[in-house]
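A structural walkthrough
For reference, the chains in residue letters:
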Amino acid sequence: MSSPTGLPAWKALTEHKEEMSNVKMATLFDEDSNRAEKLTVSAAGWTLDYSKNRANEKTLSLLNQLLTEVGMHDAIKGMFNGDKINNTENRSVLHTALRASHAQESLMVDDTNVLAEVRSTLKQMEKFVWQLQTGQWRGYSNLPITDVVSIGIGGSYLGPKVVAEALTPYKQSSIDVHFVANIDGSDITEKLRYLDPETTVFIISSKSFGTLETLYNANAARDWFLRNGGPEELVHKHFAAVSSNVEKAVQFGIAEENIFPMWDWVGGRYSLWSAIGLPIAVAIGMENFNAVLDGAYQMDTHFKTAPLEENLPVIMGALGVWYSSFHNAQSHALIPYDHYLRALPAHIQQLDMESNGKANLVDGKAVETDTGPIIWGGAGTNGQHAYHQLLHQGTRLVPVDFIAPLKSHNPVADHHAQLFANCLSQAQALMVGKTLEQAEKELRDAGASEAEIAAVAPHKVIKGNRPSNTLLTEKMTPSTVGALIALYEHRTFVQGTIWGINSFDQWGVELGKVLGTDIYDRLTSDSDNSKLDASTQALINAFKAAQN
Ligand SMILES: O=P(O)(O)OC[C@H]1O[C@H](O)[C@H](O)[C@@H](O)[C@@H]1O
């Protein structure tokens, strides 16, 4: 894939951006009473209203032309078919296969039917979950299990944690699920503080079984188990693993029958649908876990078959490129108006930033446009009392995705109507803003003097014309949560495809790991640090001095 910047549609969009600089979104609504209806699409339980974007018909048609020129159709087909699109690792990218095993018989990758492997792993998961939930799985003292601690980091942590939390209302068993990720002793200490080794099972989730943080925490968990009376010969009753590196998991001491497979055709940040999602299944039951897969499958089917101009991930991806590459938007905010989805931005942040934080095209040449934006956000309405100030009046353009269910799991007085009203009004305020005249009138009506009006009114001006998408669903269910995450996965792929980058490797994270090992050696030995930069030397010395 080469740079998209030379394509006719890219050039036309560059010129069109200038044409659009004086066009107000609010005016587009005035000019076309059907705008909202025209720019609303639905799939897999979600409705996307993308009418509050800096886009008129010409914008959308040029974006569509761009999608055609980059070969989006073939790219989507290639991913689903198992083409080795992760070219730097020579791997297929088949997280979609993880949710298709009920609908499709076979999908061959290197002479192996991956769907047969997916099906057998789902069966293995079902058995494990059933044994835990029914008390068939017992700890070393023959007590049923009350707590499962998932140990993993990155893709082996964020997806499962966010989905398990998002589906709290679907919690099925009396088993509590906990997550440990950080190589900070405080994380595991706090999680284990109130747990009983007799009734706790650990799931060590690591695709590579070589990740420093996870191995440290797994060892700490085993030490805790042994220190608190757990017998060495019965460790296997308290440890399971999910990994593509069975040998290393066995070396760690996990019984082979308690190791769930992973495959190199699933990237970490796309892996919650595999056995990495085991903690989700323990929390909400296998039936609900299958419903999560099915929701994602519905979104996959939509992504694969809907025309580009009616395709949710494609539309969101194309608009994202419009802002990142043509409007210099440096970030993109996700604001879920749903308490259970409060951690969603953290998962999508990893998904998108690790996928599209790249500066090289697939063929290795440097990109010629900005690529992945900074993804951030948090729960509405909390953010309104914090960072929304910058969204409304800051100097940077931040496109926003508002995400909300129409119905709450927990109707309390009129809370949900208020919550929903806030979601809509934020999107409205971003678009309409407030003029100087309006600000002056507001102050005058409140009885301010002319001097006060002159001093304060400019500070109340909100330029508006700030874009947002609104994503609505009837209710946050296993199916709609699955579909939502699949939507963002595909949006990420669409953007990577337009930019011509490989969204499925992550070489950038390696250097820090290598340097970390070197610094660790220096912190824990009497090495000669004189060749290091003075800053690193001083920081190492500060640490060493504090340990004495
Ligand atoms: O599952 P693991 O092999 O332990 O990897 C855990 C995580 O660490 C890596 O450094 C990557 O940045 C992530 O993409 C990955 O999910």
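Each chain has its residues counted from 1, following the order in which its sequence is written. In keeping with the model being predicted, local features are shown solely for residues with a pLDDT of at least 70 and side-chain atom pairs are shown and tallied solely at 80 or more, while totals for entire chains, interfaces and linings include all residues.

Details of helix α6 (residues 114–133)
Just so we agree on the cut-off: Only runs of H or I of at least four residues qualify as helices and only runs of E of at least two qualify as strands under DSSP, and these elements are numbered from the N terminus. Every helix has an expected span of 1.5 Å times one less than the residues it contains. Counting other C-beta atoms within 10 Å of a residue's own tells you its class, since 20 or more makes it buried, 12 or fewer makes it exposed, and anything in between is partly exposed; those C-beta atoms are placed from the backbone. The reported arc concerns the directions from the helix axis to the C-beta atoms and nothing else. Working definition of a contact: two residues with C-beta atoms, positioned from the backbone, lying within 7 Å.
If you check α6, its first and last C-alpha atoms are 28 Å apart, about what 20 residues at 1.5 Å a residue would give, namely 28 Å. Those residues of α6 that fall on the buried side of the exposure criterion are V114, L115, V118, T121, L122, M125, F128, V129 and L132. Down the axis of α6, the buried side of the element spans an arc of 135°, and every buried residue falls inside it. Away from the buried face of α6 by more than 90 degrees, exposed residues S120 and K123 are located. Residues of α6 that are buried make contact with β3 (108–109), β4 (112–113), β8 (239–243), β9 (259–261), α11 (278–284) and α12 (286–305). Count one or two residues on from α6 and you reach G135, which has phi positive near 80°.

Re the site of the ligand
Rules: Working rule for contacts: place C-beta from the backbone, and if it is within 6 Å of a molecule or strand, that residue counts as near it. Classes in brief: Ala, Val, Leu, Ile, Met, Phe, Trp, Tyr, Cys and Pro nonpolar; Asp, Glu, Lys and Arg charged; the others, Gly included, polar.
As a matter of local geometry, the ligand sits amid 14 residues, with G154, G155, S206, T211 and G268 nearest to it. When its residues are assigned to classes, the shell around the ligand shows two nonpolar, nine polar and three charged.

Topic: the UniProt feature "active site" (unreviewed entry) in the protein
Put simply, the rule reads: UniProt positions are given in the numbering used here, feature names are shortened, and annotations may be inferred rather than shown by experiment.
Mapped onto this numbering, the UniProt entry annotates "active site" (unreviewed entry) at E354, H385 and K513. Spanning 160 residues, the named residues are also spread out in space, since their farthest C-alpha pair is 36.9 Å apart. Tracing the sequence through the fold places K513 in helix α20 (residues 510–523). Among the residues examined, K513 registers 10 C-beta atoms within 10 Å and is labelled exposed.

Observations regarding the sheet that holds strand β11 (residues 374–377)
Here is the rule: Here the rule is simple: two strands pair whenever DSSP picks up at least two bridges between them. All axes here are fitted lines through C-alpha atoms, helices being fitted over the stretch that makes contact, and every angle between N-to-C directions spans 0 to 180 degrees.
The strand order across the open sheet formed by six strands is β1-β2-β13-β12-β10-β11, and the pairing between neighbours is mixed. The sheet is open, and its two borders are formed by β1 (40–43) and β11, each paired with just one other strand. Across the sheet, the mean angle separating the axes of adjacent strands is 20° when strand polarity is ignored.

A few points about the packing of α12 against helix α19 (residues 478–499)
Just so we agree on the cut-off: For classification purposes, angles smaller than 35 degrees are called roughly parallel, those larger than 145 roughly antiparallel, those between 65 and 115 roughly perpendicular, and all remaining angles oblique. By definition, any crossing whose near helix is turned counterclockwise from its far helix by less than a right angle is left-handed, and any crossing with a clockwise turn is right-handed.
α19 packs onto α12 with a crossing angle of 45° between their chain directions and a minimal axis gap of 7 Å. As far as their axial angle goes, α19 and α12 are oblique. Read as a crossing pair, α12 and α19 show a hand that is right-handed. In this structure, α12 contributes N288, A291, V292, L293, D294, G295, A296, Q298, M299, D300 and F303 to the contact, and α19 contributes P478, S479, T480, V481, G482, A483, I485, A486, L487 and H490.

Comments concerning the domain arrangement of the protein
For clarity, the cut-off: Segmentation into domains, and thus their bounds, comes from an automatic or database assignment.
With domains assigned, the protein is organised as domain 1 (4–69 + 306–432 + 466–505), domain 2 (95–290) and domain 3 (510–547). Look at where the C-alpha atoms of domain 1 and domain 2 centre, and you get two points 33 Å apart. Opposite the 16 residues of domain 1 that make contact, domain 2 presents 19 residues. Listed by contribution, the elements that provide at least two residues to the side of domain 1 that touches domain 2 are α14 (344–356) and α19.

Things to note about the environment of V514
One can find V514 in helix α20. For the pair formed by V514 and V481, sequence separation is 33 residues and the distance between their alpha carbons is 36 Å.

Side note on the pairing of strand β13 (residues 468–473)
Across the six residues of β13, five count as buried, placing the element largely inside the fold. Two elements, strand β2 (residues 46–49) and β13, share four bridges in a ladder whose sense is antiparallel. The residue bridging T47 from the neighbouring strand is L472, located in β13. With six bridges connecting them, strand β12 (residues 400–405) and β13 associate as parallel partners. Across the sheet, V400 pairs through a bridge with S468, a residue of β13.

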